Structures are given as C-alpha cells and as structure tokens.
Amino acid sequence: MLHEPATQNEDEDLAADYKTKLGLRLFFVYGMVFAGFVAINTFSPTIMGSIFLFGLNFAIFYGFFLIILAIVLGVIYNNMCTAKEKELNK
Amino acid sequence: MIYDPAPLAVILFISIVALVLGISIYFARKTSSAKGYFTAGGTIPWSVNGIAFAGDYLSAASFLGICGLIATVGYDGFLYSIGYLAGWMVALFVVAEPMKRLGRYTFADALDAKFNSKGIQLMAGISTLIISIFYLIPQMVGAGALVTPLLGLPHWAGVVIVGAIVTFIVATAGMKSTTYVQFIKGTLLIIFSFILVIVLLNKGLDTTPDYERYRIPEVINAELSGSEVSSAENGYTVKGQVTSGDYTLVALEKAGLRSWWSLDNSGTTPVLMEALSKTYTSDGETLYNGAVKTERKFHPVGRMSRIYLEGETVEKTGKLNFISYLRAIQNGQVIRYAKKHIDFEGDTVTVWAQNPTSGSEFMRPGLKYKLGEGSSIFSKLDFVSLMLALFFGTAALPHILIRYYTVPSPRDARRSTIVAIAAIGFFYILTLYMGLGAATSGVLDVESSNMAAPLLAKSFGTFLFAIISAIAFATVLGTVSGLIVASSGAVAHDLMDKFAEVNFTDKGKVKAAKITAVIVGAVAILLGILFKGMNVSFLVGWAFAVAASANLPSIMMMLFWKKTTAKGITYSILVGAISALTLILLSPSMFERYGLDASNAPIPFDNPGIISIPLSFITIIVVSLLTQKKAEA
C-alpha cells in the first residue's frame, strides 16, 4: 500500500515549540478582537451605527480593522517565526 | 430577467474555458502517480500556492454570493467577508504547520498520524465527502446563475457545463492543474475586481442610474376609502388589494396589463409605488409584470433615492474616494426590495415591493440578522452561530487542508497561508464596494442576488462584464476542481486504501480517484439544479458549519490535548457532522425549500454551529476521558 509521505519534510524543526506558543498567543489576541465584534453586534448593536472616524460608522471601521489586523498579525507572525528558525535551525 | 448574450462575452468565456482545459491537458501528461495526483508531488512554490489558496477560497460564494448579499442586505453581507477572513487566523496560527508536518495526502492522514485507527479513517473520509458536497452545491448554483446573462442559457445548462468541464479536468490531471488554474484565476479575479472598484468610484453615485433597461419605478397618487384603495391616477383601474406583513399590495390594471404596487400612506397624500411581480396563473402561465417573459416588462432595480454629500442633497456625486463613497451611501437613502408571496384570484404571485432604507441602516448590521429592534433570542443566536462557523470553519475545509500538502515544507505552508490572507483580505475589502455599487447602480436582478457583481461590471460596458463573468466562471471551475480532488482523495485514499485495505497499485489508486471524481461531479450537477435561486454565500455558510462541527474540534484537540484518543476523534467527527446536518435539515430555510411554512420549522434558526460545534468538543473530551485506559494499554 502507498502510505508514504507526499513530500520529504525538513529536518527536525527546533523552532516548532516557539512557533506553536507564538501562534496560540496571536490566535488568542485576534480571537478576542473578533469576539468583541460579535459581542457588540449581539448585545449593543446601536454602538455599531454610531459615527466613529472620517464620518463612517463603527461597524465599517471595526470590519475593516479586523481584515487589516489579520494581515498585519500574519506578517508579524511570519517574521518572528522566520527569525527564530534562522536562529535555532542553523 | 431576459439576458442577451454578447458576442465578446461568449468569445472571452470560451477563451477562459479553453485556457483552463489547456492547462489541464498539459499537466495530465505529467501526472501518473498518486503523489502527483493528490498533492502535485509537493512541489508547488509557496507564493504560487498562496495565490492558489486565495483562488480556492475566493469561490462563487465570495465573489457572487457576498457581493449579492451586500447589494440586498447591506452590511450583513459584509459580515461574511469579515468572518471568512477571520477564519484564516485559525488556519495560520493553529493548523497550517502541524497539519503539514503530520499529513501525507489528506487531512485524515494528519488526524490519524498518532493512532492508525480504522474509525478515524472512516469518519474523516465520510466527513470530507459531506463537506465537499455541501460546498459544491453553491458553486454549481453560482455556475447556473452565471451562464444565464453570459450565454443566454438556462440555469441547468450552466450547472451541466461546469460539471462536465470540471469532471474532465479532475479526471485527467488532479492537483497540479487545479493549483495552476486557481493561481491564474485568483490573480485575474483580484486585479479585475480592483479595476471594477476604481471605475465605480470614478463614476460616483447617481439617483438616476443609466444602466440599459433600468427605469425609475413610477409613484402615483391614490385615493382611499377607509383602508381600501378606491382609485389611482394615470388611468389605472384598481383590481384588489392584499396585506402581506407590513405591506399593503395593490393590483392595478391598464390596457389589459396587470401590475402590482405597494401603498405608502405615511405622507400627507397616499401614494402607490410600482413593484415588480411574477405571477403563476391558474392556467399554468408565468407572467412577469403582467406579461409573458419575452415582452421584457421585467427590469433591473437598485438605486439611491437620496444622496447627501458634504452637507447638501445632490442628484449626482461625481468622482468619490474609498471613504467618501461609503459616507455618501451611509448618509443617503437606498431603495431595496422586499419579497412577498401572495395568493390573488387563484394566482400565486411573488411581489418585490420598494423598501426605502436609510443609508445608516443599510451600512450597519441588522437587515438580515435581526440584532437590535425586532430581534429575538433566536435571531441573535443565529448571528453568533454564523460567526462561529465562519471563524472555525475555514481551517477545517478539506479543499483548503489538502493544499498544505502541495508545498515542500511546513515553512512554505505558513508562508503560502500569509500570501493567501493578504490577497483574500484585499479582495474582501473590494467586495463591500462591489456590493454597494450593485445596490445603487440599477443593475440588480430581483430573482437572483448572485449576479450582482457581474451585472455591476455590465453597467460599465460589455468588455468588463465579459472578463469579470469569464473569471467568475473560472472561479467556479477552479473551486469545484479542488473540491472534487478532495472528495476523490477521501474515497480512494482514506476509505478504500486505508480503511477497506484494498490492495491498490499506484495507478489503481489514481484510477479509483478519477472514477470517484466522475460520480461526485454527477451528484454535484444534480444538487446544483435542485438548489437554484438560493444565495450561494448563505449555502456556503452551511458547509462552514459542517466543517467547523465535524473536523475542527478533532484537529485542535489532537494537536493541543494529550489525552485525546482515537475513539474521541471518531465520535467527535460523527456527532459534529450528524448534529450539524440534522439542524440544517430542520432549519427554516430548508423548510421553505421543502415547500413548507418556514415558521413551522422545529429549529428556529438557520445556522447550526452554536449547538453542533460545542457538542463536538464535548464529545471528544468525554469520549477521550472514558477511553483513557484503553488508550494507555
């Protein structure tokens, strides 16, 4: 039978623990911001309609913020992981 | 609505399909092994894989469905964009690298890496099949919606065309061709969506859109006798009236043509506002605005009735920027349409009545998911449930998970996920503009919200429409290909090879996968025809809910809880999938689909995640704790 890996993974990754912990921390940060969005919509939806910045309401601002935050956290995560991999997997 | 196919659109459509088939045939010559078929040999560069991820993810649901929802229910449609992207955080931070480290061909390999359990192999294979089929339905519905305005063909023809082409692609070349099709399509989709938004902002907003057959619906004075409309101006004869919810709908006749109007009695004088109607007469005829379809009485809708810009009311804004465009809509008034089903003189009539909505309401949550005024505990639960499913569903979608195995290393899996997040995030910001543009440009087809974005492109000329529609069609082709590869992997690798221990040769396994691809393709065609007319993003929400309930609890607990056992995973997948499916089948939307009264549905909300996801987590914890001794032994 053919149970062999499709690809050869790299040698043991000494940065794996660091990356797992960092990933969980950033996941928690983003999860909290996302939960805040869901909670405000559910329990105080009127806040979402209030004008916040540039004449736009809080709903638009928060929605864009969640999208941009995802990209920014992704880039930070990758840079930190890459730096650690270079440091530990020489 | 009747659409005339444009020759340029047909040529571009055929060119895109030919390109897709060309790529497929090219890679088919190079793919003979199982490794090549399921994971493209793990040789795809991370940057290409990242855009291919985006291509996979920006399916018909994102491009057609979200834009359609934003065009009809405003900000509530944008909630899908936010939720879909947020889900990638789970994929990046929690799932990407471990799944790559543990997996081989399918996500079941990763789940089973520590256990070698028949139960996991069986359940993971079945859940992959179920989720893929749920995800396939909206793609096929989207394909059907696209070919109508593009080629002038009926819905079923689009579904059959996509089904046939994709089955050919998958049954020939597998993951490598699917990846490159997704890469090209993802790139084109983002570039041309950006161009469409720039053109839209340059044009600005206008209370009288000049799109083809768009016309501003009439508003006429009426006289009341008590609560009954007794007469109307402009030579119309009153034929009767029906109350449906908050709406009083009035039938008028002029020159033998029946039309439907909604009564507005809020001002000093009662007025009637022209509606659109589709009538199924007792003698089997279907009339659009009182006439047969070919008389073209039906027209597109959607406009701003009031624009308030920089302190004054204007008819036209001229060029706007990314912020002033949103502000102008938020401060104005949008004419939406409320759909009402009524019975009148033996006929069954669907009426779309004008529903003037303030921009501030349109640009905040609440039109689809009742959260403030008029909300109930169930409507709030429905919203929370949807957001949970979107957040936890992405990282558990089979066609996304298998893409981690197409790159050479865990690091490449992470990098490609970040490329995907950047591309998808940028696209989702564009969806807000495309949806709002469709809502205000007089292009909407009340019968199908799914065509909002391509029809918006059509308002800027045939070329943009043709290229956007052809890309949208390629979007469907690519996503369906990925889903069918995932399904065929589940059957050939997880169920037949590993679970049933069929003694496959390498070529035999690929052959089994290709036969599965043909069968799944046929099922998808059938379901795509049956689910015609439902918003594709709404349907994809269900696929996310099943994925989040069946797969994600197992993936997360397997990675982060040492006491997880094989039986815990097996039962968690089983309970998650069955509970999510049952809740969906008993939901108000499915009751409507069965032809029953939605208010009689035993489950009072549409999205199952809030029940099925925790249930799946509880199952894995309880069963794992109960089976600890056996696991240790």
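Bear in mind the structure is a predicted one, so any value in this text is a computation, not a measurement. (Residues numbered from 1 in each chain as written. Chains lettered and ligands numbered in written order. Predicted model: local features only at pLDDT ≥ 70, side-chain atom pairs only at ≥ 80, totals over all residues.)

1. Structural notes on the overall build of chain B
Scanning chain B for helices and strands turns up 23 helices and 13 strands. Rg of the C-alpha trace for chain B: 25 Å, near the compact-globule value of 26 Å for 633 residues, within the 12% margin. Dimensions of chain B along its principal axes, counting C-alpha atoms only, are 85 × 55 × 50 Å. For chain B, buried positions account for 60% of its 633 residues. (Helix = DSSP H or I, 4+ residues; strand = E, 2+ residues; numbered from the N terminus. Rg over C-alpha atoms; globule rule 2.2 N^0.38 Å. Buried ≥ 20, exposed ≤ 12 C-beta atoms within 10 Å, placed from the backbone.)

2. Some remarks on the interface of chain B and chain A
Across the boundary between the two partners, chain B contributes 54 residues, which contact 41 residues of chain A. For the side of chain B that touches chain A, the secondary-structure elements that each account for two or more residues are helix H2 (34-39), helix H5 (75-102), helix H10 (322-331), helix H12 (377-393), helix H14 (410-440) and helix H17 (506-530) of chain B. If one sorts the elements of the side of chain B that touches chain A by residue count, H5 of chain B sits on top with 13 residues. A class-by-class count of the residues in the side of chain B that touches chain A yields 32 nonpolar, 9 polar and 13 charged. (Contact = placed C-beta atoms within 7 Å. Nonpolar A, V, L, I, M, F, W, Y, C, P; charged D, E, K, R; others polar.)

3. Some words on the nonpolar core
All names here are of chain B. With 232 residues, the main nonpolar core has Ile-424, Ala-438 and Val-546 as its most contacted residues. Broken down by element, the residue count for this core peaks at 21 residues, all from helix H16 (residues 462-499). For this core, the two domains that each supply at least three residues are domain 1 (7-204 + 377-632) and domain 2 (219-362). Contact partners of Val-546, with chain neighbours within four places excluded, come to Ile-130, Ile-131, Phe-134, Ala-577, Ala-580 and Leu-581. (Core = buried A, V, L, I, M, F, W, Y, C linked by C-beta atoms within 7 Å. Domains from an automatic or database assignment.)

4. Some thoughts on the pairing of strand S4 (residues 247-254) of chain B
Residue and element names in this part refer to chain B. In the sheet, strand S3 (residues 237-244) pairs with S4 via 7 bridges, with the strands oriented antiparallel. Bridge pairing in S4 links Thr-237 to Glu-253. Hairpin connection, S3 to S4: the antiparallel pair is bridged by 2 residues, and Gly-245 has positive phi, about 60°. Looking at chain direction, S4 and strand S5 (residues 257-264) are connected through 6 bridges and run antiparallel. (Pairing = 2+ DSSP bridges.)

5. Quick look at the environment of Lys-278 of chain B
All names here are of chain B. Among the secondary structure elements, Lys-278 is positioned in strand S7 (residues 276-280). Classification of Lys-278 by C-beta neighbours within 10 Å gives partly exposed; the count is 18. Through-space distance from the C-alpha of Lys-278 to that of Glu-447 is 9.6 Å; in sequence the pair is 169 residues apart. Excluding residues within four positions of it along the chain, Lys-278 makes contact with Thr-286, Tyr-288 and Thr-350.

6. Here we look at the confidence of the model for chain A
A low pLDDT means the predicted coordinates there should not be read in detail. All names here are of chain A. Mean pLDDT for chain A: 84, with 87% of residues reaching 70 or above. Predicted confidence in chain A is weakest over strand S1 (residues 51-53), with a mean pLDDT of 86, and strongest over strand S2 (residues 56-57), with 92. Between residues 1-10, whose pLDDT stays under 50, and residues either more than four places distant or in other chains, the model counts 24 contacts. (pLDDT = per-residue confidence, 0-100.)

7. Considerations on the environment of Thr-20 of chain A
Note on placement: Thr-20 of chain A falls in helix H1 (residues 16-43). Residue class for Thr-20 of chain A comes out partly exposed when judged on the 16 C-beta atoms lying within 10 Å of it.

8. Comments concerning H14 of chain B
A turn of α-helix holds 3.6 residues, and therefore any two residues three or four places apart point the same way. All names here are of chain B. Given a rise of 1.5 Å per residue, 31 residues ought to cover 45 Å, and the 45 Å separating the end C-alpha atoms of H14 matches this to within 8%. A large share of H14 lies buried, amounting to 28 of its 31 residues. Looking one or two residues beyond H14, the residue adopting positive phi is Gly-442, at roughly 70°. (Expected span 1.5 Å × (residues − 1).)

9. Considering unusual backbone geometry
Residues and elements named next belong to chain B. The phi angle at Asn-234 is positive, at roughly 65°, despite the residue not being glycine. The topology assignment puts Asn-234 in the loop between strand S2 (228-232) and S3. The exposed category is assigned to Asn-234, around which 10 C-beta atoms lie within 10 Å. At Ala-255, a residue that is not glycine, the phi angle is positive and equals roughly 50°. The residue Ala-255 is located in the loop between S4 and S5 in this model. By the C-beta count within 10 Å, which is 7 here, Ala-255 ends up exposed.

10. Topic: the domain arrangement of chain B
Bring the parts together and some accessible area is lost; that lost area is often taken as the interface size. Residue and element names in this part refer to chain B. In terms of domains, chain B is made up of domain 1 (7-204 + 377-632) and domain 2 (219-362). With 17 residues of domain 1 at the interface, the matching set in domain 2 holds 20 residues. Looking at the side of domain 1 that touches domain 2, the elements with two or more residues in it are helix H4 (60-73), helix H9 (175-203), H14 and strand S13 (441-444). Sort the elements by how many residues they give to the side of domain 1 that touches domain 2 and H14 lands first, with 5 residues. Tallied by class, the residues present in the side of domain 1 that touches domain 2 amount to 9 nonpolar, 7 polar and 1 charged.

11. A short note on the confidence of the model for chain B
Residue and element names in this part refer to chain B. When pLDDT is averaged across chain B, the result is 83; 93% of the residues are at 70 or more. Between the elements of chain B, mean pLDDT differs from a low of 60, seen in helix H23 (residues 628-632), to a high of 94, seen in helix H22 (residues 609-626). Here the predicted complex scores 0.84 on pTM and 0.86 on ipTM.

12. Considerations on the sheet that holds strand S6 (residues 271-274) of chain B
Residues and elements named next belong to chain B. Spatially, 6 strands are ordered S2-S1-S6-S5-S4-S3 in an open sheet, and the strand pairing comes out antiparallel. This sheet does not close on itself; its edge strands, each paired only once, are S2 and S3. Averaged over all pairs of adjacent strands, the angle between their axes in this sheet comes to 40°, without regard to strand direction. Direction of pairing for strand S1 (residues 219-225) relative to S6: antiparallel, over a ladder of 3 bridges. Counted as the bridge partner of Ile-220 is Leu-272 from S6. (Axes fitted to C-alpha atoms, helices over the stretch in contact; angles between N-to-C directions.)

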